[in-house]
Structure formats: structure tokens, C-alpha cells
Amino acid sequence: MTARLSFARPDDWHLHVRDGGAMRDVLAHTARRFARAIIMPNLKPPVTTVPQALEYRERILAALPPGTAFTPLMTLYLTDRTTPADIRQARSCGHIHAIKLYPAGVTTHADAGVTDLNKLWKTLETMADVRLPLLVHGEVTDPAVDIFDREKLFIERVLAPLVDRLPGLRLVFEHITTKMAVDFVLAAPDNVAATLTPQHLLHNRNAMYAGGLRPHYYCLPLLKREHDREALVKAATSGNTKFFLGTDSAPHARHAKESACGCAGMFTAHAAIELYAEVFEAADALHKLEAFASFHGADFYGLPRNRERIALQKQSWTVPASYPFGEDQLIPYRAGEPVSWSLI
Ligand code: DOR
Ligand code: ZN
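For the structure given in this document, a descriptive report is provided here.

About the thresholds
- Residues numbered from 1 in each chain as written.
- Chains lettered and ligands numbered in written order.
- Predicted model: local features only at pLDDT ≥ 70, side-chain atom pairs only at ≥ 80, totals over all residues.
- Heavy atoms only, no water.
- Core = buried A, V, L, I, M, F, W, Y, C linked by side-chain atoms within 4.5 Å.
- Buried < 20%, exposed > 50% of the residue type's maximum accessible area, 1.4 Å probe, protein only.
- Contact = heavy atoms within 4.5 Å.
- Pairing = 2+ DSSP bridges.
- Helix = DSSP H or I, 4+ residues; strand = E, 2+ residues; numbered from the N terminus.
- Axes fitted to C-alpha atoms, helices over the stretch in contact; angles between N-to-C directions.
- Donors = N, O, S within 2.8 Å, 3.2 Å for Na, K, Ca; no water.
- Expected span 1.5 Å × (residues − 1).
- Arc of directions from axis to C-beta.
- Near = heavy atom within 4 Å.
- Polar contact = N/O pair within 3.5 Å; in protein donor to acceptor, adjacent residues only side chain to side chain.
- Nonpolar A, V, L, I, M, F, W, Y, C, P; charged D, E, K, R; others polar.

## Describing the nonpolar core
1) Next: Of all hydrophobic cores here, the largest spans 89 residues; its most connected members are Leu134, Leu171 and Phe173.
2) Next: When neighbours within four sequence positions are excluded, Leu134 is seen to be in contact with Leu78, Ile99, Leu101, Leu124, Met127, Leu162, Leu169, Arg170, Leu171 and Val172.
3) Next: Tyr77, Ala193, Phe244 and Ala298 belong to the second-largest nonpolar core, a separate cluster that totals 17 residues.

## A short note on the sheet that holds strand β8 (residues 192–196)
1) Next: Overall, parallel pairing links the 8 strands, which are arranged β2-β3-β4-β5-β6-β7-β8-β9 in an open sheet. At either margin of the open sheet sits one strand with a lone partner, and together these are β2 (12–15) and β9 (243–245). The average undirected angle you get between the axes of adjacent strands in this sheet is 30°.

## Structural notes on helix α4 (residues 121–130)
1) Next: Listing the buried residues of α4 in full gives Trp121, Thr123, Leu124, Thr126, Met127 and Ala128.
2) Next: Structurally, α4 contributes buried residues whose contacts are with α3 (84–93), β5 (96–101), β6 (134–136) and α5 (150–165).
3) Next: In the stretch just after α4, Arg131 is the one whose phi turns positive, near 60°.

## Some points on the coordination of the zinc ion (ligand 2)
1) Next: Of the protein atoms, only His14 (NE2), His16 (NE2) and Asp248 (OD) coordinate the zinc ion (ligand 2), at distances of 2.1 Å.
2) Next: Taken in chain order, the donor set of the zinc ion (ligand 2) reads H-x1-H-x231-D. Pair noted here: His16 is in the loop between β2 and α1 (20–33) and Asp248 is in the loop between β9 and α9 (254–257), with a separation of 232 residues, a long-range link.
3) Next: Look at His16 and you get buried, because its relative accessible area is 7%.
4) Next: Residue class for Asp248 comes out buried when judged on its relative accessible area of 7%.

## Quick look at helix α2 (residues 50–63)
1) Next: Given a rise of 1.5 Å per residue, 14 residues ought to cover 20 Å, and the 20 Å separating the end C-alpha atoms of α2 matches this to within 8%.
2) Next: For α2, every residue scored as buried is listed here: Val50, Ala53, Tyr56, Arg57, Ile60 and Ala63. For α2, the buried positions fall inside an angular range of 145° around the axis, keeping them on one side.
3) Next: The elements touched by buried residues of α2 are α1, β3 (36–39), β4 (71–77), α3 and β5.

## What to know about the site of ligand 1
1) Next: Neighbouring ligand 1 are His16, Arg18, Asn42, Thr107, Thr108, His137, Cys219, Leu220, Ala250, His252, Ala264 and Gly265.
2) Next: Contacts to ligand 1 include Leu220, whose backbone N or O atom sits 2.8 Å from a nitrogen atom.
3) Next: Interatomic distance of 3.2 Å between a backbone N/O atom of Gly265 and an oxygen atom of ligand 1.
4) Next: Looking at the shell around ligand 1, its residues break down into 4 nonpolar, 7 polar and 1 charged.

As C-alpha cells, then:
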């Protein structure tokens, strides 16, 4: 059994850090493990303009623990009104690395999202031209569609036609949850990639209902069936460069999760790389972890690979019952339970 692992410092290609005092608390967990992270723009109000993204970037840098080397990679939130000029400005400012598509109403703070992608062709074409990737929350919002089928229908109705029409667009299918999504990405052109979260690699949907309703396992897209989870693990551990790490760590205050209508999102930043190590170890693929966590994403985004290193050891630790979250507290994934790898 491998007792120790050392590899190039990883990056998190999908992260929510929120804002204000809560941001200061969650950011430190990520900055201890990752060199860079793609920062989601779903604040309230959303980050839709270049000046807003640059100001948010400054707030993130100011919230880092002193002496921490961590680079936030900013994104813009696509709306029905995002223009080709916005895209060119985003590309030329140097700090914006992608544009995020939330179908309107699909998840937390997605009400300002896109209502009809067909109105945005010029904008999308400009993204293809300037090589700015589109990050896709791939679920339909049609309330008539079964919530477990929303990713599948999104592939059929939106994603497949989009990739056909704009094959040159660099696209990341974010936090994929189904075998169908894995197969779609495998069959798509090289410029279509996907991120995988720790929770979708570790759990199937039974986790949400184990012995009662478990709000801390509620995220969007939802956890799916076991055969989906198995396909995701196979993709992550395959060595295929289309698949890379994106935690989708999405903190919410305890009261917002433990509620009659709780928010979607799981907080995993406190143990993120350790959790992926568990997944890769269980699949007998620890030798593939470095490329998944530290190389494939950087290569896709055209950024240099990190030169610093990180080390993990096979030593169990117990996740605290809660962490501070600004004025509130948050319940981390696996609160009070062990994680088998620790950061050295
Ligand atoms: O579970 C989720 N939480 N899914 C999302 O897409 C958004 C995220 C959040 O911001 O809380
Ligand atoms: Zn997300």
C-alpha cells in the first residue's frame, strides 16, 4: 500500500468561494491545497462584467491568509445580454479564463442565467474565435422533466446541437453526473472536456436518503445511480486528458441547508485532494491522480503546469463537526467522520 504521495500542486477547475467574511473562511481551505482555482461567478448579484470580475478578484486576493500563493482564475456569468464586445474585453483583460453558462433558474443564484442560447450565437462565436472556454451547467430547467433526467435531456436538447453548430468552441461540461455525459464527452471533439466532483465519484443518490433525508448530500446536479458513479470513476481514472478535477465545493450556512427548502451545494474544500486520493486508491489508480488533478486542466486552459509540489500521506483524520463561515457555520462533507488521506 502506498503510504505517501507527492505530486505537482493541483488546481481546482470549479469552485465557489462566495464573498465577504464567509469567503475568507472557505478560501483558506482551498489555498492550502490548490495553486489556482476557477472561481464561479454566481454571486448575488452575479459577476457579469469585466470590472466586477476584477474587483471580485481583488477581494479574493485580499482575503487570502498572508503569504499564501494562490491564483484566482476569474469567470464571467453569461446572461441574455452578454455581447461579443464583452467577450473580447474579457479575453484581453488577462484575468478572465472562462464564461459560465447557467440555464436561467437551474441552481443557486441562477435566476439571471440564459433563457435562450439561440439569442447568443454571435457571443458564442466570438468565444470560439478568441478561445475563451464556455463552462456549462448542463441541466434543463423544464419542470416537467424528471429531476434525475435533467442532465440527459440537456445533452440531447442543448449540448449536442451546440457542439455540432460550434465545433470550435472550447467547452467544459461541468460536474458531470451520468454515464451518458461521460460517453458524450468521449465522443465529442478534443475541445470538449469535463470536470468531476469528489461527491459524484464517491456516492450515488442513496446517500441523500440513507436512513432519512440528508441535506448535506444535496447538490445540483443531483447524485445519480451507481452505474453512473462507476462510469465517472472510470473516466476520472482513465488517464484521458478530457477529464479533470473540479470540486464544485459550494458552501452554504448550516441553517440554509438544514431547512424545509434547503440550498443545493456540498462543501468539500477542507479535504478536496484527499477525497480524490480515496477515489483513485479505491480504483487502484493512484498513479493517475497527478495528471487528473494537476495536468489535464492546466493543459486544457492553456496555462502552465504548476511547478510546486504537494504531499499526502495515508493517515486517517476526523473532519470537524463544523467550520466557521462568516457570522455562521457550515457543515462540511463527512463532518465528524474520517478521511483516510491527509495533507503533509
Ligand atoms: O449544488 C450546487 N451548488 N450546484 C450549483 O450549480 C451551484 C452551487 C452553489 O452555488 O451553491
Ligand atoms: Zn458549481
